[in-house]
Amino acid sequence: MIKAILIFNNHGKPRLTRFYQYFAEDMQQQIIRETFHLVSKRDDNVCNFLEGGSLIGGSDYKLIYRHYATLYFVFCVDSSESELGILDLIQVFVETLDKCFENVCELDLIFHVDKVHYILQEVVMGGMVLETNMNEIVAQVEVQSRMEKSEGGLSAAPARAVSAVKNMNLPEIPRNINIGDINIKVPSLSPF
Amino acid sequence: MALKKVKGSIDRIFDKNLQDLVRGIRNHKDDEVKAKYISTCIDEIKQELKQENISVKANAVCKLTYLQMLGYDISWAAFNIVEVMSSSKFTYKRMGYLAASQSFHDGTDVIMLTTNQIRKDLNSPNQYDTGVALTGLSCFVTPDLSRDLANDIMTLMSHTKPYIRKKAVLIMYKVFLKYPESLRPAFPRLKEKLDDPDPGVQSAAVNVICELARRNPKNYLSLAPLFFKLMTSSTNNWVLIKIIKLFGALTPLEPRLGKKLIEPLTNLIHSTSAMSLLYECVNTVIAVLISLSTGMPNHSASIQLCVQKLRILIEDSDQNLKYLGLLAMSKILKTHPKSVQSHKDLILQCLDDKDESIRLRALDLLYGMVSKKNLMEIVKKLMLHVDKAEGTTYRDELLTKIIDICSQSNYQYITNFEWYISILVELTRLEGTRHGHLIASQMLDVAVRVKAIRGFAVSQMALLLDSAPLLSGNMQRKGICEVLYAAAWICGEFSEYLEDPVQTLEAMLRPKVSTLPGHIQAVYVQNAAKLFAAVLRNGQQGSQEGAAVQETIQLLTDQLPIFVQSADLEVQERASCFLQLVKYIQKLQQKDVDVGEEVTALFAGELNPVAPKAQKKVPVPEGLDLDAWINDPPSEPESEDEKSKSAFAKEEPQQPRQRHREVDEKELARRREERKQEQANNPFYIKGSTPAPKGYQDTMGVEHIPVVQIDLSVPLKVPGMATSDKYVKIEEERRKRDRAEKGKKKEKKKKREKRSRGDRRNESGPESEEDIRPAQTVDIVTEEMPENALPSDDEDRDPNDPYRALDIDLDKPLAESETLPVRKHRAPDPVKSPAEDGEKPEAPQELKKKSKKEKREKEKKEEKKSKEEKKKKKHRHEAEEDPAGEKEKAPPPAPEMEAVQSPSKSKQEVPPASAPAEDLDFWLSNEPVPSKSQEAVVATSKSTTEEPADPGQGSDIEDAKSSKHKKKKQKKEKEEKEKKKKKQHRVPNQEEEESVQNGTVEEEEDPLPPMSNYCLLAENTYIKMVCDVQGNLQDSSRVVVSVIFENKSSSFLKSMEFNVLDSLNAKLQRPEGAGPHDSLSVPFQLPPGVSNEARFVFSVQSIVMPQKLKGTLTFIVKSDDGSSHEKLDFKLHFTCTSYLTTTPCYSDAYAKLLESADMKGSSARLQGVGLPFQHLLAKICFHHHFSVVEKINSCASLYSRSIQGHHICLLVKYTDQTVTIDAKCDESSLLGNLLDEIKLTFSQS
């Protein structure tokens, strides 16, 4: 079973949190902080498994993570999951994100966290691995986003039309969007 | 109204969407400003949620979900989330479910409101609505929701869309957890899903069952054959990994399973290229080897293989593999330490790795690798690492590991305790360690338990105390000063070994001591008293000593006041007591009264270690009820409690006293007397007022331990602090000398060894190590346990384990009461079966309006049938003379539940309770373990493998055999030897049989004759090849050919190469880079008499026609005379049957299929079939990969599917030895060929 999936950036800012076991919000934040603390001090050339982390788990649990450019993808799993399998699953997930967002970068995750959730839902369900075939995942995600489009999306057309006007009134037009090359480079790893 | 709407949409223009919110938050860099901004946003969201427009609400909920991630509590919006969930638009619904899955939990009260909404979504015609609901539900399912929705979810498990099926299967695990009662009714269907045509669904089912089985493995043992089959046929690595992990959990329960697994697992290890799979295989092989405690010779090969593969992993540059390799290695270590010890170099090398997790793993390994021989060496290396280590955490870890390694299993590996004490002393010099306490407890433990070392320990501790002031500045900060606690105690307690007690006493009373923590000072004071007693005792011996006593008294009266002023109460109290004692003694001494003995008596008696669980294990004496009141319970406990709470504390003690007085004085006296008697007889009662006998008194336990004084080969007195290094040398010399001595004085040694062995509890080291005699007489005083201690070790089990509820026997037949609760409109009719009545008209309302009528009719039929069946069963029960009355009492297998699950299955008999277990035994007994039942089985199989005879004949043979058994045992043994060969390729046959059970009807009366699809491919004097061709479910153009090679000769066969001449239509799949005519090498060699199976994959384009391929097998025969190259030609026959895959189908789907226009019909007649209908069906199902959809009397409908998705429907009627088969298929030529093949099957038999 997967107990939690966390995505945060190099500064520990959460980009997606998905707990498959209930934790109160402040506990969730504490877990994120602790996990970030554990993971961020590790070099890139050390192994991707971590035992411990007192908040989540216990001895049966492991943190398995991968670091892509500015983001950490961390899965907290118990001993029924294969370590190498989960590493591959993270790779599949990131590759899927890459396909769905076309060259995914941190900004995609920042502004479309809901979409990332929907993609994740096709990979892992309730803490169990649902699908590992990337094409199947992408196909299901696309069918559903087409359905959403046909319904007009969450904030439908009128709101978008005026958003331009709205932005003119705002003094703070986002300046920090250009953070250089933050694309998550998905290295092509040897297949599973 | 209209105006309101317009106003609403105008307002919406200024609403923020998620992107605006995120942007806004990002623009407010400062934390305070950001918090302010977010709180205004939350206010806006609250406004938006008040609007009627659902899209506004959805947008607001979307923003809330984002805020939840940032740590804001959004539980106040739970009701709005439910509103959004119930929107009819997919976009909003999905948003709502996402928000719910992020924020709902068992305590969310609005969850109650969602039941109907979720049910509606689950049954929605849009598969994505259903999918979204399932996904959401998987995160917030509660016990109530599970109970109410279990049945709907179970229906979804046979949804037409695999997308829904796999989700429904996965969520069942969550439902089981929350509502354990659902496990048994739902399990049969879950099991069915293991054979689902969609690999995703199959994988989900494997996932769920593995998860269940991991918690309660014993209930799932009976599924082992099924999983075994999956393991050998699946190509999906995810599924394989899960199954292999599951087997790892099952093998400890069933060693026979392990034996069966070794071979396929080792094959996988050799063949797979996926590291993850390789790793899991190695892990499971290790688990198997652990479970097979009796080391069979060929298993050492598997161990070697594992260790060798792990070494490759550890040597890999990928840190992940290195880490996992070490992890797995530590598992091997537990049972096969020797095979790991040979890789000590590698592991020590890992200690230098830059990755801390790897270093820690390596340390773990070292823990298990030590032996008496290498302990000193390993610890020496570790000490070097301690010096080198950079971070304190890692250094602390090293320190604890050193101590763990040395102290493990009762100091089993320590041969020289002086060395260990000096290691401990060296460790105290470490800067900045947090583990002073650990070192201290080790010192105490060793000093108390190893008597012979006390002298040495005391001398070292005295030195430590002496040098304490030098270190104390450092010590105090870091907690290493804890060791002084141990040092002071040891010096005090064993003061008789002290060289110069006065000097030590001085060291303990230095003014600097008062800077130490209170509890250590207290120990100092107390032990100073003990030392003083020792000085007094010595003082009696001579006048010269008398002066020393006077000096000591002076010293004490000078120094103790410092402690009397201490802020620590404990120190103060002890010091003032001691000071008064000293003053009193001083007075007595002036009167020339000899007080030495009396003072010594104050500290008499020896402390023995008590086992940690000793207290728990004291048995409760008979007749003692710990819960009963000793006196009558107070009459008004409640009001008194209230009083005492509100009243002043003064009053409290008076109340109970008054109550006690009520008890009769005489009665009290009598009881007191009784109690005293009892205490006197009870060895465990600590007597308060025993007068201390003179001198040191040994307790019972110690007296019984023979203390042998050995002339120590190492000088006990060490000038200055000991260094551990020299002990390594000394030890080596000692061992040499020992060896020499041993040769000379065999007789003397015998005695000694016997004793020392008797003293030690764990003497399980490798044989050669027993020769190493410990330097000291290591009478480790075993921990005391009360007599007749309870031998229970169950304490460790956690009663609150949530998975305990799922510990449910799944093999028992379902009882009638075990159905999933179903929503009902009316009160259920008690006569009808509740499940059927309730569910059917309700659940799929929207889904199948058209087929409703049909369904109703069918249901009626079904009900009738199930009733009929009940009647039948009754008849049978009456007819059978049931020897065991229990059987009748047991609830009859409930057909009702089955009926709900799948109409097709309702006609099947639920197998009797013991069947699965028997199956398992049968399946497992294929190993060469001679047993009667197996013998019989082999006998029948022998007669039936080539030619499946009719059951009468089969059972006759069986009968004959079993009677033979009784008469001619010797003959049987001979036969057995012959059969061993056969047994080996019966393994796959068994697997096939499993599928028969799945696909067809089981009847209790006529056991099905064993069948095999393996047919002879070719044979010569050296080798026999039999093969089976099967379609691959996961790929529409692939066929897997399993070939069993059997070595018939007495020579060794090797370098087997398999080649087939490809046709246009069918091609052998060769590895990349190989030419179209290259042959494939068979991945094993065959020793004489052995058979093994290999699989070859063919790609096929058209499957409507059967075809034959020519091929050759070349191999080298190696015998004593030399080797020769041999060749065997064969013809591989791809029948149309081999393109079919057994696929279950439900009758409603089947009916639809038959109605569709593009199905073409055909029929066939078979005459003179002597088989009972039952067996006929089984045969068709087995040999032609069909599954029974429905069976009524002597008429049955069957279904199968080709790997390219052609549907084939058969209607088989049977009258008077004539079988008519009406068939429909969407590909007529395939159908024609298939019918021909079926005819052929029956004409052969």
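Residues numbered from 1 in each chain as written. Chains lettered and ligands numbered in written order. Predicted model: local features only at pLDDT ≥ 70, side-chain atom pairs only at ≥ 80, totals over all residues. Heavy atoms only, no water.

- An unreviewed UniProt entry lists chain A under the name Adaptor related protein complex 3 subunit sigma 2, with Paramormyrops kingsleyae as the source organism.
- Taken from UniProt, the Sequence similarities (unreviewed entry) comment for chain A reads in full: "Belongs to the adaptor complexes small subunit family." (UniProt positions renumbered as here; feature names shortened; annotations may be inferred.)

With respect to the pattern of salt bridges
Residues and elements named next belong to chain B.
Step number 1: By the definition in use, this model includes 39 salt bridges over all chains.
Step number 2: Notably, a salt bridge pairs Asp121 with Lys93, separated by 2.8 Å at the nearest N-O pair. Of the two residues, Asp121 is situated in helix α7 (residues 111-122) and Lys93 in helix α6 (residues 90-103); the sequence distance between them amounts to 28 residues.
Step number 3: For Asp121, a relative accessible area of 3% translates into the label buried.
Step number 4: Classification of Lys93 as buried rests on a relative accessible area of 3%.
Step number 5: With a shortest N-O distance of 3.4 Å, Asp466 and Arg510 are connected by a salt bridge. With Asp466 in helix α26 (residues 454-478) and Arg510 in the loop between α28 (501-508) and α29 (518-539), this pair connects stretches of sequence that are 44 residues apart. (Salt bridge = Lys/Arg side-chain N within 4 Å of Asp/Glu carboxyl O. Helix = DSSP H or I, 4+ residues; strand = E, 2+ residues; numbered from the N terminus. Buried < 20%, exposed > 50% of the residue type's maximum accessible area, 1.4 Å probe, protein only.)

Digging into the sheet that holds strand β5 (residues 71-77) of chain A
Residues and elements named next belong to chain A.
Step number 1: If you walk across this open sheet you meet the five strands as β2-β1-β5-β4-β3, and the pairing is antiparallel. Edge positions in the sheet fall to β2 (14-19) and β3 (49-51), since each of these pairs with one other strand and no more. Taking each pair of neighbouring strands and ignoring which way they run, the sheet shows an average axis angle of 20°.
Step number 2: Where β3 meets strand β4 (residues 62-68), three bridges bridge the pair, whose relative direction is antiparallel. The partner of Leu50 across the bridge, within β4, is Leu63. (Pairing = 2+ DSSP bridges. Axes fitted to C-alpha atoms, helices over the stretch in contact; angles between N-to-C directions.)

Describing the pairing of strand β2 (residues 1023-1031) of chain B
Residue and element names in this part refer to chain B.
Step number 1: For β2, the tally of buried residues reaches eight of nine residues, placing the bulk of the element in the interior.
Step number 2: In this structure, strand β1 (residues 1015-1019) lies alongside β2, joined through four bridges in antiparallel fashion. Looking at the pairing, Ala1018 lines up with Met1025 of β2.
Step number 3: Taking the residues between adjacent antiparallel strands as the criterion, β1 and β2 are bridged by three residues.
Step number 4: Pairing analysis gives nine bridges linking β2 to strand β3 (residues 1038-1047), with the strands arranged antiparallel. What sits directly across from Lys1024, in β3, is Glu1046.

Regarding the sheet that holds strand β9 (residues 1122-1134) of chain B
All names here are of chain B.
Step number 1: The strand order across the open sheet built from four strands is β6-β4-β8-β9, with neighbouring strands paired in antiparallel fashion. Since the sheet does not close on itself, it has two edges, and those belong to β6 (1080-1081) and β9, each with one partner.
Step number 2: Summarising the sheet, strand β4 (residues 1052-1060) and strand β8 (residues 1107-1119) pair through seven bridges and their orientation is antiparallel. Bridging from a neighbouring strand, Glu1057 pairs with Thr1114 of β8.

Brief notes about the packing of aromatic side chains
Step number 1: This structure, assessed with the given rule, holds 21 aromatic pairs over all chains.
Step number 2: An aromatic cluster is present here, built from Phe8, Phe36, Tyr65 and Tyr72 of chain A joined pairwise through their rings.
Step number 3: Over the face of the ring belonging to Phe228 of chain B we find Lys260 of chain B, whose NZ or CZ atom lies 5.7 Å from the ring centre. (Phe/Tyr/Trp six-rings, centres within 6.5 Å; stacked < 30°, edge-to-face > 60°. Lys NZ or Arg CZ within 6 Å of the ring centre and 35° of its normal.)

Brief notes about the packing of helix α22 (residues 375-388) of chain B against helix α24 (residues 417-428) of chain B
To describe two helices that pack against each other, one gives the angle between their axes and the distance between the axes.
Residue and element names in this part refer to chain B.
Step number 1: At a minimum axis distance of 12 Å, the contact between α22 and α24 shows a crossing angle of 5°. The angle between α22 and α24 places the two elements in the roughly parallel class. Residues Leu375, Met376, Val379 and Met383 of α22 form the contact with α24, whose participating residues are Trp419, Ile423, Glu426 and Leu427.
Step number 2: Taken together, the residues of the contact of α22 with α24 sort by class into seven nonpolar, no polar and one charged. (Parallel < 35°, antiparallel > 145°, perpendicular 65-115°, else oblique. Contact = heavy atoms within 4.5 Å. Nonpolar A, V, L, I, M, F, W, Y, C, P; charged D, E, K, R; others polar.)

Describing the pairing of strand β14 (residues 1207-1215) of chain B
Within a regular strand, the side chains alternate between the two sheet faces.
All names here are of chain B.
Step number 1: As defined by bridge partners, strand β13 (residues 1195-1202) adjoins β14 across seven bridges and the pair is classed as antiparallel. Residue Ser1197 lies in a different strand from β14, and its bridge partner there is Leu1211.
Step number 2: Once β13 ends, the chain turns through four residues before running back antiparallel as β14, passing Gly1205 with a positive phi of about 90°.
Step number 3: Bridging between β14 and strand β15 (residues 1218-1225) involves eight bridges; their strand directions are antiparallel. When the sheet's bridge partners are listed, Tyr1214 is paired in β15 with Val1219.

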